[in-house]
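Here are the chains, one letter per residue:
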Amino acid sequence: MEDKNNIRRLLRDNIASLAPYSTARDDCRVQMDIYLDANENPYPNGVNRYPSPHQTRLKEMLSVLKKIPSENIFLGNGSDEAIDLVFRLFCPPGRSSMVQAVPTYGMYSVAAAINDVRVIDAPLRENFSLDADSLLSKVEHDTKVIFLCSPNNPSGNLLDRDGIIRILDNFDGITVVDEAYIDFTEEESMVSLIGRYPRLIVLQTLSKAWGMAGLRIGLAISDKFTVEVMSRVKYPYNISLLNQAKAEELMRDPLSAYEKAEEIKSERERLATGLAVIDSVVKVYPSDANFLLVQFKDKDMAFDRLMQAGIIVRDRSSAYMCAGCLRITVGTPEENDRVLAVLSDKCASSGCAGSDADSSDGKASDAAMAGRQAGAAERCASCFRRTGETAVSVRVNLDKFRKPRIATGLAFLNHMLEQIGWHGGITLDVICFGDLATDDHHSVEDVAIVLGDCLKEALGNKAGIGRYGFSLPMDEAEATVLLDLGGRIDFLWDVTLHEPKIGDVSAQMFRHFFKSLSEHLCCNLHIKAAGDNDHHIMEGVFKAFARALRMAVRQEHGASPVPSSKGAL
Ligand SMILES: *Cc1c(COP(=O)(O)O)cnc(C)c1O
């Protein structure tokens, strides 16, 4: 029986037999002194050399963040390049079709038309949810690709994961899931399914949550065979030297991008609430993206009024099931206030627009204020540390829990740090770009150092905090962690591990991790654990540490005195 996951069989014949353009530098892995192979100008001006055709460094960083090997990542000149390549790889012009769930992003059908591929529209349901069976029924004998966009543009909603999986299970061609807006949701990316579904291509981009639309960098994440063929077909130097360098620079501090995405998410809710109470608004569709699809009684009037106030939004009223709808991107708080003020009833009657919008005191602007966060005194800190070996960013908030965001390039360390976030009941984000090609030493050590520093900074004067310990069974293993944030440093480690590695982390690095952490957090830390299974033992240690930390940092009553007879810790 033919293997339906054999992607080669899905390629156009001319692509399957294509010999790629190769450069002399592809074949040579070592650093050379003199480059006389590419007819470049030898005089340096910053851009006289061709850029990395494989964008190696950028892919290594993305590999850490996306938790997938570099070989599964293709980088294009925007997602648009990846969309075009999907047609060029898999769809013979003039005799193939694609199915897309509409309404959706316009580039799929434009790229299809350019490649002479027939477009078959499969309508989403009235609430824009995915009807997998109805979509599958639209597939024809020559359908090579299905395009899904989740969260969908322009409707803003996520598509049902089970429905997407149903399509992956029942369609033998290529399924593309465009996740341009995935960073604005709580939903897991489909990237983790690529191992199970080699015919899945997930598109992401640096244009939206990452704030790099001007750099034109999009990702296609897929089976390494597909990635390799896409790389063969693309222009050799498709991403410029300056764009690669700028993206690497901006990505070194991913937490500030995540922070802005959080801010945009909370503004999205505030804007939606504000719009919903405006008279001329019929409906604000729920959104998992950084925009809102809004249906107006008279969308032309709303559009014109915004236009007169110098605000441009997107008229999507001609899209399927989007009659009367404008798509409004979430802006800064000030920009969103302007939108609300311009559209609010008071402006409607007086025809006001522009500069005096702030004086509007209608219900819309009440709503605008309601969602604003008060600057409560939460104990937060962010730390960034960069050495020749690692770049580590850590952010903590001891007074608010949010799902941890951990990416260190080490799967087991990620798993353990997530335990500190979940079981510590704190916000914990840790990103580490390290020299993992050497080994895991610097990454593990530097994460501990920055985590310790960051927790210490967040604790501030330690008002109201306690000294605690926790003992925890983990299947057959048992772990006890005693923690005193009193400022003295003492470290005790009584943990016997059986194997040289746990997952992808060297077993000996865990003692080192907690020792560095205790030195930088300035705490007494006594850890004792035993059991049969190393994974259970270490998971027990991290959870018990998280529990002890949770109790130790809890402020029992506001600014109660420091729990020490000395009055200071
Ligand atoms: C914005 C957007 C993209 C991103 O395109 P780039 O070319 O990477 O800027 C991709 N897909 C959808 C659905 C979008 O809305």
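Everything below is about the structure shown above.
Residues numbered from 1 in each chain as written. Predicted model: local features only at pLDDT ≥ 70, side-chain atom pairs only at ≥ 80, totals over all residues. Heavy atoms only, no water.

**Topic: the environment of Leu18**
For the record, the criterion: Helix and strand definitions here come from DSSP, where helices need a minimum of 4 consecutive H or I residues and strands a minimum of 2 consecutive E residues; each element is numbered from the N-terminal end. Relative accessibility thresholds used throughout: buried, under 20% of the residue-type maximum; exposed, over 50%; partly exposed, between the two (1.4 Å probe, protein chains only).
Relative to the elements of secondary structure, Leu18 occurs in the loop between helix H1 (13-16) and helix H2 (24-27). Take Leu18: its relative accessible area is 33%, and that puts it in the partly exposed class. Sequence separation between Leu18 and Arg232 is 214 residues; the distance between their C-alpha atoms is 8.1 Å.

**What about the packing of helix H15 (residues 411-424) against helix H18 (residues 534-553)?**
Filter applied, for reference: As a rule, the C-alpha atoms of each element are fitted with a line to give its axis, helices using only the stretch in contact, and angles between N-to-C directions run from 0 to 180 degrees. When the near helix sits turned anticlockwise from the far one by under a right angle, the crossing is termed left-handed; a clockwise turn instead gives a right-handed crossing. Should any heavy atoms of two residues lie within 4.5 Å, those residues are considered in contact. For this classification, the nonpolar set comprises Ala, Val, Leu, Ile, Met, Phe, Trp, Tyr, Cys and Pro, the charged set comprises Asp, Glu, Lys and Arg, and every other residue, Gly included, is treated as polar.
Where H15 meets H18, the closest approach of the two axes is 8 Å, and the angle between their N-to-C directions is 30°. You can see that H15 and H18 cross each other, and the crossing is right-handed. Residues Phe412, His415, Met416, Gln419, Ile420, Trp422, His423 and Gly424 of H15 touch H18, and the partners they reach there are His535, Met538, Glu539, Phe542, Lys543, Phe545, Ala546, Arg547, Leu549 and Arg550. Its residues placed into classes, the contact of H15 with H18 shows nine nonpolar, five polar and four charged.

**Digging into the environment of Lys246**
Positionally, Lys246 belongs in helix H9 (residues 241-251). Judged by its relative accessible area of 35%, Lys246 is partly exposed. When the C-alpha atoms of Lys246 and Met212 are compared, they prove to be 9.1 Å apart, with 34 residues separating the residues in sequence.

**With respect to the packing of helix H16 (residues 441-459) against helix H17 (residues 508-521)**
Two measures define how a pair of helices packs: the angle their axes make with one another and the distance between the axes. We count it as follows: Throughout this description, any angle smaller than 35 degrees is read as roughly parallel, any larger than 145 degrees as roughly antiparallel, any in the 65 to 115 degree range as roughly perpendicular, and the remainder as oblique.
Across the interface, H16 lies against H17 with an axial gap of 8 Å and an inter-helix angle of 30°. By the criterion of interaxial angle, the relationship of H16 to H17 is roughly parallel. In this structure, H16 crosses over H17, and the sense of that crossing is right-handed. Across the interface between the two elements, His441, Val444, Glu445, Val447, Ala448, Ile449, Leu451, Gly452, Asp453, Leu455, Lys456 and Leu459 from H16 touch Met509, His512, Phe513, Ser516, Leu517, His520 and Leu521 from H17. Residue composition of the contact of H16 with H17, by class: 11 nonpolar, five polar and three charged.

**Describing the side chain of Glu248**
You can see Glu248 is positioned in helix H9. By relative accessible area, which is 6% here, Glu248 ends up buried. If we ignore the near neighbours within four places in the chain, the residues touching Glu248 are Arg57, Leu58 and Met61.

**A closer look at the site of the ligand**
To keep things clear, this is the line we draw: If a single non-hydrogen atom of a residue is within 4 Å of a molecule or strand, that residue counts as near it. Residues adjacent in sequence count toward polar contacts only when both atoms are side-chain atoms; beyond that, a polar contact is any pair of N or O atoms within 3.5 Å, and within protein one must be able to donate a hydrogen and the other to accept it. Here the Shrake-Rupley method, with its probe set to 1.4 Å, supplies the accessible areas, and only the displayed protein chains count as covering residues.
Around the ligand, the structure places 14 residues, and the nearest of them are Asp178, Tyr181, Ser207, Lys208 and Arg216. Measuring from an oxygen atom of the ligand, one finds a backbone N or O atom of Ser79 at 2.7 Å. The separation between an oxygen atom of the ligand and a polar side-chain atom of Tyr181 is 2.5 Å. With the chains in place, 94% of the 380 Å² that the ligand exposes on its own is no longer accessible. Considered class by class, the residues forming the shell around the ligand number five nonpolar, five polar and four charged.

**Observations concerning helix H3 (residues 56-66)**
Burial of H3 is extensive: eight of the 11 residues sit out of reach of the surface. Burial in H3 covers these residues: Leu58, Lys59, Met61, Leu62, Ser63, Val64, Leu65 and Lys66.

**A short note on the side chain of Ser207**
Position of Ser207 among the secondary structure elements: in the loop between strand S6 (200-205) and strand S7 (218-221). Sequence-distant contacts of Ser207, defined by excluding residues within four places in its chain, comprise Met212, Ala213, Arg216 and Ile217.

**Concerning the pattern of salt bridges**
Threshold: When a carboxyl oxygen of Asp or Glu is within 4 Å of a side-chain nitrogen of Lys or Arg, the pair counts as a salt bridge.
Scanning the entire structure with this criterion turns up 28 salt bridges. The shortest N-O distance in the salt bridge between Glu267 and Arg270 comes to 2.7 Å. Of the two residues, Glu267 and Arg270 both sit in helix H10 (residues 254-276), three residues apart, roughly one turn of that helix. By the burial criterion, Glu267 is buried, and Arg270 matches it. The salt bridge partner of Asp429 is Arg395, with a shortest N-O separation of 2.8 Å. In this pair, Asp429 sits in strand S15 (residues 427-434) while Arg395 sits in strand S13 (residues 390-397), placing the two residues 34 residues apart along the sequence. Arg395 sits in the buried class, given a relative accessible area of 10%. Linked through salt bridges whose partners overlap, the residues forming this network are Glu186, Glu262, Lys265 and Arg405.

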